[in-house]
Amino acid sequence: MAELSTRLAARATARRRRLTEQAVVAGGQGLSGVGNLVFAVVMARILSPARFAELAAFLAMYLLVHAPVNSLSAGSALEPGLTRRLRTRVLGAGLVAGVATAAASG
């Protein structure tokens, strides 16, 4: 009986720890979103419309590059062999996207 209660207490402690970790991550993401919003509003007030359009274009391009890289990073954390298998494909796609972006920008 004592062993059962010890196991149940250990499970409850582990569950509480995981929930706390997830709450901290979610809070950090929420705070990051608020910071991004404040930055965008301040820049919209400070910059001229043309300069803000340049900033928005840069941030959009950054997001287009950053999101796939983050998903690849998360995927390789779950399956370490994934990085080796996709490295060539990802580098090729990045090279094509970089050349296309450079060609389109002038």
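Preceding this section is the structure that the text describes.
Residues numbered from 1 in each chain as written. Predicted model: local features only at pLDDT ≥ 70, side-chain atom pairs only at ≥ 80, totals over all residues. Heavy atoms only, no water.

**Thoughts on the pattern of salt bridges**
Then, in step 1: The final tally for this structure, using the stated rule, is one salt bridge.
Then, in step 2: Here Arg-51 and Glu-54 are joined by a salt bridge, their closest N and O atoms 2.9 Å apart. Pair noted here: Arg-51 and Glu-54 are both in helix α2 (residues 49-78), with a separation of three residues, about one helical turn. (Salt bridge = Lys/Arg side-chain N within 4 Å of Asp/Glu carboxyl O. Helix = DSSP H or I, 4+ residues; strand = E, 2+ residues; numbered from the N terminus.)

**Examining the packing of α2 against helix α3 (residues 81-104)**
Then, in step 1: Remark: α2 packs on α3, axes separated minimally by 11 Å, with the N-to-C direction vectors making an angle of 175°. Between α2 and α3, the angle is such that the two are roughly antiparallel. Each of Met-61, Leu-72, Gly-75 and Ser-76 in α2 lies in contact with α3, whose residues at this interface are Leu-82, Thr-83, Leu-86, Val-90 and Thr-101. (Axes fitted to C-alpha atoms, helices over the stretch in contact; angles between N-to-C directions. Parallel < 35°, antiparallel > 145°, perpendicular 65-115°, else oblique. Contact = heavy atoms within 4.5 Å.)

**Some details on a nonpolar patch on the surface**
Then, in step 1: On the surface, Val-34, Val-38, Val-42 and Ile-46 cluster together into a nonpolar patch covering about 340 Å² of accessible area.
Then, in step 2: Summarising the element assignment, Val-38 is placed in helix α1 (residues 2-46).
Then, in step 3: With a relative accessible area of 46%, Val-38 lands in the partly exposed category. (Patch = residues over 30% accessible without salt bridge, like charges linked within 9 Å, V, L, I, M, F, W, Y side chains within 5 Å. Areas by Shrake-Rupley, 256 points an atom, 1.4 Å probe, with all protein chains shown as cover. Buried < 20%, exposed > 50% of the residue type's maximum accessible area, 1.4 Å probe, protein only.)

**Points about a positive patch on the surface**
Then, in step 1: Residues Arg-7, Arg-11, Arg-15, Arg-17 and Arg-18 make up a contiguous surface patch of positive charge.
Then, in step 2: By relative accessible area, which is 57% here, Arg-11 ends up exposed. (Lys, Arg positive; Asp, Glu negative; His and termini not counted. Charge placed at Lys NZ, Arg CZ, Asp CG, Glu CD.)

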